[in-house]
Amino acid sequence: MPRTSLSVDERWKLIDSISKQVVLRGKYKHTLKDVISDLSVRPMTGIPLALAVLFGFWAFFGAFAGFFTDGFAVPAFDDHFLPAIQRAFPGEGGPLYWIFVGDPGAPSCFEAFGVLTSGLFVAFGVVLPAIVAFYLVLTILEDTGYLPRLAVLVDTVFHKIGLHGFAIVPTILSLGCNVPAVAASRVLETKKQRFMMMSLLAVFIPCGAQIGVMEELLPEYVPAILAFLFFGYFVTGAVLSRLIPGRSPEILIDVPPYRSPIMKNVATKTWARVSGFIKMAVPAVLGGIVVVNLLYLLGVIDWLADALEPIFVVWFGVPAVTVGALVMAFLRKDMAVGMLGGMAAAGLLTTGELITSVVLVSIYFPCLATFIMLWKEGGVRDLLKSLAILTVSFFVFGGLMHGIVALAGV
Amino acid sequence: MKVGKIGIKALVLVLIMFYALAAIAWVTGVEAPEEEEFELGEVTIEDNGTELAISIDEVSEYVTEKIEDAMGSVPEDMEMFVSGAYRATLLGISEVWEGEVPSRDDIKIVSSLPEPASALCFQYITGTGPSMENLRAENGVFEIVLQDGTLVENTSVQHLYELSKNITADDWKFEISSISTGESFVVEVKGDVFPEDFFGLREKVVFGQTASEKEGQEFTWEWSDINDGFQGFEDYEIFEGLEEPAPDSATIVALIAVILAIVILALII
Amino acid sequence: MMKFKLGSAYFAILGVITLAFGGLEVVTGLPGIEGLSTGALEIPPDLWRGIIIFFAGAFITAGAFKLRDIHGLGMSTFGSIMLWIIAGCDIFTRIMESIPNGAGGLNSLEGFLATYGPPYSPALFLLPFSLVIFYFIKEVEK
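Residues numbered from 1 in each chain as written. Chains lettered and ligands numbered in written order. Predicted model: local features only at pLDDT ≥ 70, side-chain atom pairs only at ≥ 80, totals over all residues. Heavy atoms only, no water.

Looking only at helices and strands, chain C features 6 helices and 2 strands. Seen through its principal axes, chain C has C-alpha atoms that stretch 55 × 35 × 20 Å. The buried share of chain C, reckoned over its 142 residues, is 48%. Long-range pairs, those at least 24 residues apart, make up 67% of the contacts in chain C between residues at least 6 apart in sequence. In the form shown here, chain C has an accessible surface area of approximately 6500 Å², with 72% of it arising from carbon and sulfur atoms. Counting 8 positive and 10 negative side-chain charges, chain C places the averaged centre of each group 18 Å from the other. (Helix = DSSP H or I, 4+ residues; strand = E, 2+ residues; numbered from the N terminus. Buried < 20%, exposed > 50% of the residue type's maximum accessible area, 1.4 Å probe, protein only. Contact = heavy atoms within 4.5 Å. Areas by Shrake-Rupley, 256 points an atom, 1.4 Å probe, with all protein chains shown as cover. Lys, Arg positive; Asp, Glu negative; His and termini not counted. Charge placed at Lys NZ, Arg CZ, Asp CG, Glu CD.)

Given below as structure tokens:
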């Protein structure tokens, strides 16, 4: 009988009949692991546990990244490395100096915006600790077997937007880096689901590097910003689910038993992910700064800022100087947020404008690496459709954020 | 093969250590040492054998009074000039007299900054200011010599105020010397203490009539920041030619080594 | 038999105390209300933490009355795990904060020790008491 001729009900009947023949039935004594596993997927108990795990994830991320970034990297870079390189690099004020060291009077690496100052600081001082912390916890959650349980728990919610519980895996992966997350969208069954997943990830999910920089600049507002982005994720998902033709079928998720993670496996997996990230991100951060500094020196950014000023000021409520950061965001979103932080430190942006700009950077064009990945996975047509969704989302949610910030009086 | 699970034993060990440390900290009531912050000292000099400790508040009060007498009001950025001149005096005296208390009549200050508040500060310290006859027994020397070598003979508040319209960061240079030994030290404020085009903005806000409200606010923020820096930063952060005391080379080498190690490991594995 | 009765009473009390602390953290986490601090105890004004500790207390209490049954024990263990996550984060944060001195170097001995000093969150006080669950796990497994 060809596989495609079976309906969902018929499949279940077939499964039942096979299982009756091959499964030996008897009395099974529940173990403690079984009970805890069962409680993890029941909404009444599973949701509070998910909240606790999320809290643990966030607290670990903050403490670990804060230890390296605030404890060592910020004082080392700002108090020692920056003044030394500002003094030692020849040709102060010249084009090469601006590209490699940046502003000779900048008091912090966030504000200098040179390849050797902001570039190295953001890549190694801010982003690397954040990425290590993220992948370490993610790997532990994977290896304990919690992630599939989370997928079961959130299945109902994801069904509302035409996806299913396993969509949580690419979504969480995306909080580390959008590139492997777009690749992980292949776990979804239909073309509609894959396209929706890739578009939602590219638009609404900030990567770990970006969250790390946000945590450094606006620690008290990061939960609110993330909540807003997830709100956008679900609203846009619900709209897309109704607009895009195609199926959103059920799937079976294999839930493995809870296990203690093995140290060697955790270390190997974390390192594989982190080293992959370093190879991809560091050249992009450094190259991105060169490109943006060249555009500044050639006057392109100023021209763009002048041209786009009415939209930025009226619709988004941010000054036109943020155009430079949006250009950078196409190359590296973490560095773009870092740039905005430098602008805020220099008094060019208020806190409210900084929050709106950070949201704009998040929902604006995906970074170059994700852009290429979208192209590779979905082809030119899907890429163009994703970009159309992105443009609409950018104006709708950017304007909405402007309204919220204005109403909250931040 | 024994598998290295992230086990209970390690977690128990961490717990025991944590509660042991917490118990020690609680019982002993240990407190973190206060961070050492820069403290603005007093200018200590001898006037006819009497040791005087001149505070910045004392100088400020004198300068405010004299400027108000002469002009009817005080320019908003006056405090910044007093702080800068006061800090320069503190540094100059410590460099020339190396911990000894100088006699007032041995102090000579030559300023390149044609501006009334800083001039009155130096005049108060050298005992050469207006109406100081009852405040001092002896006096040193104070002169204003512009960058081009011109001696400013008219040091009245009004005249200096007019001259201060065109000052730049380069004018913040003061020579403090001992008349008896001829030893001197030139205190020069770092250019990056002042934001870009600060003096252009100052001219527009203080002397022009065209500054917008936003520019006025920006100027207030900027001079307040500079003033805070003069009162709170270490010498090497605001004056030229001074080395940062911390051995920073070790930190930089360690930092570079860590970055290189990470890059090499990432490339190898 | 007796030890399970005692265990039930012990976890019922522990659960109620945990639940009460959770409730307090929820209240102090509401906008406009400040955190509480009395002696060595500090109630952090964090709604998120409060909700988790509240539910942890509820689950510990719910399981306490059927401690001999694997499902009751599982429920109390489940609540304890939630409490351990919060306390574990507090401990980890203190360890991380105790090492650097804030100026790019390592902390002094006094600075290091002072990081571990009071005030402590309720989770840190409750954690050692919740570890008694391991004794009952061993007993039930027997």
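Here we take up the pattern of salt bridges. One side chain can pair with another of opposite charge once the charged atoms of both are near each other. Enumeration over the complete set of coordinates arrives at 14 salt bridges over all chains. One salt bridge in this structure joins R202(B) and D77(B), with 2.8 Å as the shortest N-O distance. Of this pair, R202(B) sits in helix α6 (residues 198-207) while D77(B) sits in the loop between α2 (56-71) and α3 (78-97); the two residues are 125 residues apart in sequence, bridging distant segments of the chain. The residues R202(B) and D77(B) share a single accessibility class, namely buried. Salt-bridge contacts for K204(B) lead to E215(B); the nearest nitrogen and oxygen are separated by 2.8 Å. Of this pair, K204(B) sits in helix α6 while E215(B) sits in helix α7 (residues 213-232), and the two are 11 residues apart along the sequence. Three or more residues are tied together by salt bridges with common partners; here these are E142(A), D143(A), K269(A) and R273(A). (Salt bridge = Lys/Arg side-chain N within 4 Å of Asp/Glu carboxyl O.)

Another aspect to go through is the nonpolar core. Generally speaking, soluble globular proteins have nonpolar side chains that are buried together. Ranked by size, the top nonpolar core spans 177 residues in total, and within it L163(A) and M328(A) carry the most contacts. Per element, the largest residue contribution to this core is 17 residues, and it comes from helix α6 (residues 115-144) of chain A. Not counting residues within four places of it along the chain, the set of residues in contact with L163(A) comprises F158(A), L188(A), Q193(A), M196(A), M197(A) and L200(A). Formed by 54 residues, the second largest nonpolar core is a distinct cluster that contains L90(B), L113(B), M132(B) and I144(B). (Core = buried A, V, L, I, M, F, W, Y, C linked by side-chain atoms within 4.5 Å.)

This part is about the interface of chain C and chain A. Taken together, the contact pairs 30 residues of chain C with 26 residues of chain A. Roughly 2400 Å² of surface becomes buried between chain C and chain A when both sides are summed, with 88% attributable to carbon and sulfur atoms. It is W48(C), F78(C) and F92(C) that lose the most area in chain C upon contact with chain A, and together they represent 26% of the buried surface on that side. Where chain C packs against chain A, one counts 0 salt bridges. (Buried area = accessible area lost by both parts, 1.4 Å probe.)

This part takes up the sheet that holds strand β4 (residues 141-144) of chain B. Residues and elements named next belong to chain B. Strand order in this open sheet of 4 strands is β4-β3-β5-β6, and the pairing throughout is mixed. Each edge of the sheet is formed by a strand with only one pairing partner; in this case those strands are β4 and β6 (184-188). Across this sheet, the average inter-strand angle for adjacent strands is 15°, counted without regard to direction. By the bridge criterion, 5 bridges tie strand β3 (residues 107-111) to strand β5 (residues 173-178) in an arrangement that is antiparallel. Bridging across to β5, K108 finds its partner in S177. Where α3 meets the sheet, its contacts fall on β3, β5 and β6, and the angle it forms with β5 comes to roughly 35°. Across the sheet, helix α4 (residues 116-126) lies against β3, β4 and β5, angled at about 165° from β4, the strand it touches most. (Pairing = 2+ DSSP bridges. Axes fitted to C-alpha atoms, helices over the stretch in contact; angles between N-to-C directions.)

The next thing to look at is the packing of helix α3 (residues 43-88) of chain A against helix α12 (residues 208-217) of chain A. Residues and elements named next belong to chain A. Where α3 meets α12, the closest approach of the two axes is 11 Å, and the angle between their N-to-C directions is 65°. When the axis of α3 is compared with that of α12, the two are roughly perpendicular. For α3 against α12, the interelement crossing comes out right-handed. Here W58, F61, G62, T69, D70 and V74 of α3 come into contact with α12, specifically with G208, I211, G212, E215 and E216. (Parallel < 35°, antiparallel > 145°, perpendicular 65-115°, else oblique. Left-handed = near helix turned anticlockwise from the far one by under 90°.)

Here we come to unusual backbone geometry. Both trends apply: most residues other than glycine have a negative phi, and most peptide bonds are in trans. Along the chain, P118(C) connects to P119(C) via a cis peptide bond; the corresponding omega equals 5°. Along the polypeptide, P119(C) turns up in the loop between α4 (109-115) and α5 (122-130). Even without a glycine there, the phi angle at F113(A) is positive, about 60°. We classify F113(A) as buried; its relative accessible area is 9%. Its identity as a non-glycine residue notwithstanding, N48(B) has a phi of 55°, on the positive side.

Now for the pairing of β3(B). Residues and elements named next belong to chain B. Extensive coverage of β3 is indicated by the burial of 4 of its 5 residues. Bridge count between β3 and β4: 4 bridges; the pairing is parallel. What sits directly across from I109, in β4, is F142. Read as a crossover between parallel neighbours, the route from β3 over α4 to β4 is right-handed. (Right-handed = clockwise from strand over helix to strand, strands pointing away.)

A few words now on α4(B). Because each turn of an α-helix spans 3.6 residues, side chains separated by three or four positions in sequence point in the same direction. Residue and element names in this part refer to chain B. When you tally the buried positions in α4, you get 11 out of 11 residues, the bulk of the element. Among all positions in α4, only P116, A117, S118, A119, L120, C121, F122, Q123, Y124, I125 and T126 are buried. The N-capping residue of α4, defined by a side-chain oxygen 3.0 Å from the backbone nitrogen of A117, is E115. The positive-phi residue at the C-terminal boundary of α4 is G127, with phi of around 75°. (Polar contact = N/O pair within 3.5 Å; in protein donor to acceptor, adjacent residues only side chain to side chain.)

Residues and elements named next belong to chain A. A grouping of F231, V235, V239, L243, L400 and I404 is seen on the molecular surface, where their side chains present a nonpolar patch of about 520 Å² in accessible area. At the level of elements, α13 (222-243) and α19 (368-408) are the ones that each hand at least two residues to the nonpolar patch. Broken down by element, the nonpolar patch gets its largest block of residues, 4 residues, from α13. Examined against the element boundaries, I404 turns out to sit in helix α19. Looking at I404, the relative accessible area reads 38%, which means it is partly exposed. (Patch = residues over 30% accessible without salt bridge, like charges linked within 9 Å, V, L, I, M, F, W, Y side chains within 5 Å.)

Turning next to the pairing of β6(B). As judged from the 5 bridges shared by β5(B) and β6(B), these two strands associate in the antiparallel manner. Bridge assignment links I176(B) to a residue of β6(B), and that residue is F185(B).

Turning our eyes to something else, we now look at helix α1 (residues 2-29) of chain C. Residues and elements named next belong to chain C. If you check α1, its first and last C-alpha atoms are 40 Å apart, about what 28 residues at 1.5 Å a residue would give, namely 40 Å. Turning to α1, its buried residues number three or more, namely F4, G7, S8, F11, A12, L14, G15, T18, F21, G22, E25 and T28. Residues of α1 that are buried in the fold lie against β1 (36-38), β2 (41-43), α2 (47-64), α3 (70-98), α5 and α6 (133-141). (Expected span 1.5 Å × (residues − 1).)

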